[in-house]
Amino acid sequence: MVFSLSLPNSKYGHLMPHEDALALGENAYVVADGIARDPIGIKDFTGKSMEELLESYPKDSGAALAAELFCRRFLKELSEHPPYQKNVQAAFTASNTAIAKLNRQRVGVTDYLVNDYCGCVAAAGMIEDGLLHWGSIGDSGVIIYDNTGQIRWRSPDGMATFAAYANKLKYDWNKPEGRKLIRSRFRNNPNMIVDDVCVSYGALTGEDPAKRFMNFGVEPVERGEMVLFYTDGLKQVVELPEFWQILKSGAEPRVKATLLPYLEQLAKADYERYGKERTLIAVSAE
């Protein structure tokens, strides 16, 4: 069984474009999460409600374009350059290069604010001959569940180190100088080293240093196990035992009929943990 789903923000989805994307190819799967843009004409967010900010949010979202472009280009690269399993890394790199072209056309020189680079984070791969060939960047990820629902393996969270360090920084995201600081100094900057640890994060903006933040690998997958590709809105949902049980409950119509109200219930109970944009592709190993 292959099951896919992409849901908008549960609270503000009616006010903003959907910036997650997914695509499926021949044994190949990819999800991407567009990086949110600044609203047009509002530099200081202090005292502004989310509704006020989203009224000025760009409807022609470069984040959505980057996510969709990455998914399309990733599958195109795999299909045109067999053997597929040897080209997950090359497909990531080529897709990042395609986003660079998008930014040359739409952005030019960035100001790291409203004219910031279009970009996304992503997780992707292919399953063939009992092996998962995977790649990821940022906080989108890949999971292998064993046949009891336990997470046997999980790709690294590319935002974890930065998130821990960011708690120590003195900056205000509401202020333009705070957002510019993070985007210009910590995004795709492999030279931001603190105590011998790189505290930056990676994103697919077309910048060449993004390659340093891409993760790749090969993992065995056994019959009866499940591989999940997901964006960060599901980062905590995937750890709930009920989630795996629903995914394993049967054919796609039954899974969807049960999963949608379950995710809606979680989002209503705790928007911050469960209500953001959520995208998944679940693949049962045969």
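Residues numbered from 1 in each chain as written. Predicted model: local features only at pLDDT ≥ 70, side-chain atom pairs only at ≥ 80, totals over all residues. Heavy atoms only, no water.

Here's the deal with helix 2 (residues 62-80)
Here is step 1: Along its 19 residues, helix 2 runs 26 Å from first to last C-alpha, staying within 8% of the 27 Å computed at 1.5 Å per residue.
Here is step 2: Where helix 2 is concerned, the buried positions are Gly62, Ala63, Ala64, Ala66, Ala67, Leu69, Phe70, Cys71, Phe74, Leu75, Glu77 and Leu78.
Here is step 3: On the buried face of helix 2, the contacting elements are strand 2 (20-24), strand 3 (28-34), helix 3 (88-106) and strand 4 (120-128).
Here is step 4: Residue Ser61 occupies the N-cap position of helix 2, its side-chain oxygen lying 3.1 Å from the main-chain nitrogen of Ala63. (Helix = DSSP H or I, 4+ residues; strand = E, 2+ residues; numbered from the N terminus. Expected span 1.5 Å × (residues − 1). Buried < 20%, exposed > 50% of the residue type's maximum accessible area, 1.4 Å probe, protein only. Contact = heavy atoms within 4.5 Å. Polar contact = N/O pair within 3.5 Å; in protein donor to acceptor, adjacent residues only side chain to side chain.)

Some details on the sheet that holds strand 10 (residues 215-220)
Here is step 1: Spatially, five strands are ordered 2-3-4-5-10 in an open sheet, and the strand pairing comes out antiparallel. Each edge of the sheet is formed by a strand with only one pairing partner; in this case those strands are strand 2 and strand 10. With strand direction ignored, the average angle separating the axes of adjacent strands in the sheet is 10°.
Here is step 2: Each of strand 2, strand 3 and strand 4 is contacted by helix 2, which is oriented at about 160° to strand 3, the strand it contacts most.
Here is step 3: Running at roughly 30° to strand 5 (residues 131-137), helix 3 makes contact with strand 4, strand 5 and strand 10 of the sheet. (Pairing = 2+ DSSP bridges. Axes fitted to C-alpha atoms, helices over the stretch in contact; angles between N-to-C directions.)

Digging into the packing of aromatic side chains
For any pair of aromatic rings, geometry is given as the distance between the ring centres together with the angle between the planes.
Here is step 1: Taken as a whole, this structure holds 10 aromatic pairs when the rule is applied.
Here is step 2: Their ring planes at 90° and their centres at 5.9 Å tell us that Tyr12 and Tyr271 sit as a pair that is edge-to-face. Here Tyr271 lies in helix 8 (residues 271-274) and Tyr12 lies in the loop between strand 1 (2-7) and strand 2, a separation of 259 residues in the sequence. The same class applies to Tyr12 as to Tyr271, namely buried.
Here is step 3: Centre to centre, the rings of Phe70 and Phe92 are 5.1 Å apart; their planes meet at 65°, and the pair counts as edge-to-face. Taken together, the positions of Phe70 in helix 2 and Phe92 in helix 3 put the pair 22 residues apart, joining distant regions of the chain.
Here is step 4: Site record: aromatic cluster; members linked through ring pairs are Phe70, Phe74, Phe92 and Phe216.
Here is step 5: The ring of Tyr271 has Lys11 sitting right over it, with the charged end atom 5.2 Å from the ring centre.
Here is step 6: Above the plane of the ring of Phe45 lies Arg179, whose end atom (NZ or CZ) is 3.8 Å from the centre. (Phe/Tyr/Trp six-rings, centres within 6.5 Å; stacked < 30°, edge-to-face > 60°. Lys NZ or Arg CZ within 6 Å of the ring centre and 35° of its normal.)

Considering the pattern of salt bridges
Here is step 1: Following the criterion strictly, the structure yields 15 salt bridges and no others.
Here is step 2: Arg106 serves as the salt-bridge partner of Asp60, at 3.2 Å between the closest nitrogen and oxygen. Of this pair, Asp60 sits in the loop between helix 1 (50-55) and helix 2 while Arg106 is found in helix 3, placing the two residues 46 residues apart along the sequence.
Here is step 3: A residue is classified by how much of its surface remains accessible, and Arg106, at 37% relative accessible area, is partly exposed.
Here is step 4: Note that Glu264 and Lys268 form a salt bridge whose closest N and O atoms lie 3.4 Å from each other. Of this pair, Glu264 and Lys268 both sit in helix 7 (residues 252-269), separated by four residues, roughly a single helical turn.
Here is step 5: Residue classification places Glu264 among the partly exposed residues on the basis of a relative accessible area of 45%.
Here is step 6: On the basis of relative accessible area, Lys268 is assigned to the exposed category, the value being 68%. (Salt bridge = Lys/Arg side-chain N within 4 Å of Asp/Glu carboxyl O.)

Some points on the sheet that holds strand 12 (residues 278-284)
Here is step 1: Strand order in the open sheet made by the five strands is 1-12-11-6-7, with antiparallel pairing throughout. Whereas interior strands pair on both sides, the edge strands pair on one side only; in this sheet they are strand 1 and strand 7 (151-154). Adjacent strand axes in the sheet meet at a mean angle of 15°, parallel and antiparallel pairs treated alike.
Here is step 2: Bridge count for strand 6 (residues 141-145) against strand 11 (residues 226-230) is five bridges, and the pairing is antiparallel. Within the sheet, the bridge partner assigned to Tyr145 lies in strand 11 and is Met226.
Here is step 3: Where helix 7 meets the sheet, its contacts fall on strand 1 and strand 12, and the angle it forms with strand 1 comes to roughly 35°.

Quick look at the pairing of strand 1
Here is step 1: The two faces of strand 1 differ: Phe3, Leu5 and Leu7 on one face are buried, but Val2, Ser4 and Ser6 on the other face are not.
Here is step 2: One ladder, built from six bridges, connects strand 1 with strand 12; its direction is antiparallel. Across the sheet, residue Val2 finds its bridge partner in strand 12, namely Val283.

Remarks on the environment of Ala94
Here is step 1: By the secondary structure assignment, Ala94 is in helix 3.
Here is step 2: Spatially, the C-alpha atoms of Ala94 and Ile127 are 20 Å apart, while their sequence positions differ by 33 residues.
Here is step 3: Other than its neighbours up to four places away in sequence, Ala94 contacts Arg73 and Glu77.

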